[in-house]
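Coordinate analysis (summary)
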Amino acid sequence: MTRTAAFLGLGAMGGPMAAHVVQRMQNQGGRAVVWNRTRARADAHAARFGGEAVDLTEAARADVIFTCLPTSAEVDEVLEAAWDGLRAGTVWVDCTSGHPEAARRQAERLAERGVAFLDAPVSGGTVGAGAGTLTVMVGGEVGALEQVRGDLAFAGRVVRVGDVGAGFAVKAINNVLLAANLWTAGEGLAALARLGVDLGAALEVINASSGRSNATENLIPRRVLTREFPATFGLGLLAKDAGIAADVVRDVRGSAPMLMQTEALIRAAATLIGPDADHTAALQLVEQMNGTVIR
Ligand code: NDP
């Protein structure tokens, strides 16, 4: 039997990730199928990268099923809609930045059909997805991961971080750290802007010093100072991730006032600036709070 991989959800991340999976399956003599809620996107993907655009029941018959959707709620919907096509022995690899609780529930539900579930969110952004260099953090059984490790064609690095749900927890904590770094750098730069300091010079110093982060080295110079805010990772998605991180903290009865504060601020920014703006546009709220512009 020809081995088949299915990729469901061809958005900003899923589109380029699926292209790598299609290419790998073709090189291996396997079959790749793609599905997207808006069918035209799947047709365009198949026309450009190969693979076949199929309906959901057909996609559900694959040996490995990838999903990359906004939240675990959409994964729930797709899972139930795909239910009739699922076959025992399949591994469902969810690359959504999802919720650990949902992962445990989904793993239990899929086990009823003999399907294994791995939560396998990714980091590296749309650039990493295009280059096939994403870091994948996997929660779930070792055996299931080994069954599909070779299919993770979009990965530069694969790290198993624990049982089902652990991948989503690590991703949420990573992203609330991104939010905290971005937000606090914005606060500091807004103060310097009010002082009249040249922000390019300030960043040159910070990036050669201990206050640097990906926010100061890449995001702020390329997206904020330029005023471009290119929408590659939505502010609403970052607020969702920070909310999951807050749930993780509460779930373990942890104490994380800085992370909780960050979650509240990013949620406010997503409400006031808009969920579809790039995540770096959160700093437009910092600008409003300070009556200044970070440029
Ligand atoms: P996009 O908004 O670009 O894509 C979302 C995808 O989900 C589209 O294919 C969309 O289909 C589909 N979709 C939305 N709602 C439904 C639904 N109800 N049923 C079925 N399909 C649905 O999101 P991203 O690709 O940016 O993000 C996907 C995941 O990856 C998120 O969890 C995000 O947090 C995470 N992520 C994003 C990164 C980034 O840089 N963008 C980086 C790392 C992780 P349609 O075409 O029909 O709208």
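First things first, this report covers the structure right here in the doc.

So, how was this worked out
Residues numbered from 1 in each chain as written. Predicted model: local features only at pLDDT ≥ 70, side-chain atom pairs only at ≥ 80, totals over all residues. Heavy atoms only, no water. Helix = DSSP H or I, 4+ residues; strand = E, 2+ residues; numbered from the N terminus. Buried < 20%, exposed > 50% of the residue type's maximum accessible area, 1.4 Å probe, protein only. Contact = heavy atoms within 4.5 Å. Axes fitted to C-alpha atoms, helices over the stretch in contact; angles between N-to-C directions. Parallel < 35°, antiparallel > 145°, perpendicular 65-115°, else oblique. Nonpolar A, V, L, I, M, F, W, Y, C, P; charged D, E, K, R; others polar. Arc of directions from axis to C-beta. Near = heavy atom within 4 Å. Polar contact = N/O pair within 3.5 Å; in protein donor to acceptor, adjacent residues only side chain to side chain. Areas by Shrake-Rupley, 256 points an atom, 1.4 Å probe, with all protein chains shown as cover. Disulfide = S-S within 2.5 Å.

Details of the side chain of Thr67
Within the secondary structure, Thr67 is located in strand β4 (residues 64-67). Residue classification places Thr67 among the buried positions, given a relative accessible area of 0%. Apart from residues no more than four positions distant in its own chain, Thr67 is found in contact with Leu8, Val75, Trp92, Val93, Asp94, Cys95 and Thr96.

Notes on the packing of helix α8 (residues 166-195) against helix α12 (residues 257-273)
Here α8 crosses α12 at 75°, and the two axes come no closer than 9 Å. Relative to α12, α8 is oriented roughly perpendicular. Judged by residue contacts, Val176, Leu177, Ala179, Ala180 and Trp183 of α8 engage Leu259, Thr262, Leu265, Ile266 and Ala269 from α12. Classifying every residue of the contact of α8 with α12 by side-chain character gives nine nonpolar, one polar and no charged.

Looking at helix α2 (residues 39-49)
For α2, every residue scored as buried is listed here: Ala42, His45 and Ala46. Looking straight down α2, one finds that the buried residues subtend no more than 95° of arc, so they occupy a single side. Along α2, exposed side chains directed more than 90 degrees from the buried face belong to Ala40, Ala47 and Arg48. Residues of α2 that are buried in the fold lie against α1 (14-27), β2 (31-35) and β3 (52-53). Residue Gly50 follows α2 closely and has a positive phi angle near 90°.

Regarding the environment of Val22
Structurally, Val22 is set in helix α1. Look at Val22 and you get buried, because its relative accessible area is 1%. Separated by 15 residues in sequence, Val22 and Phe7 have C-alpha atoms that sit 8.8 Å apart. Once you skip the residues sitting within four places of it in the chain, Val22 turns out to touch Ala32, Val34, His45, Phe49, Gly50 and Gly51.

What to know about the site of the ligand
With respect to spatial proximity, 26 residues lie near the ligand, and among them Asn36, Thr38, Arg41, Pro70 and Thr232 are the closest. Backbone polar atom of Thr232 to a nitrogen atom of the ligand: 2.7 Å apart, as the coordinates give it. Computed on the free molecule, the ligand has an accessible area of 910 Å², of which 86% lies beneath the protein chains in the complex. At the level of secondary structure, the elements contributing two or more residues to the shell around the ligand comprise α4 (72-82), α6 (125-131) and α11 (235-251). Considering every element that reaches the shell around the ligand, the biggest residue donor is α4, with three residues. Classifying every residue of the shell around the ligand gives 11 nonpolar, nine polar and six charged.

A word on the environment of Ala256
Topologically, Ala256 is positioned in the loop between α11 and α12. Taking C-alpha positions, Ala256 is 8.5 Å from Ala246, a pair spaced 10 residues apart along the chain.

Overview of the state of the cysteines
Taken as a whole and assessed by the stated rule, the structure comprises zero disulfides. Unpaired in this structure, Cys68 has its nearest cysteine sulfur neighbour in Cys95, at a distance of 6.0 Å. Classification of Cys68 by relative accessible area gives buried; the value is 14%. Since its relative accessible area comes to 2%, Cys95 is described here as buried.

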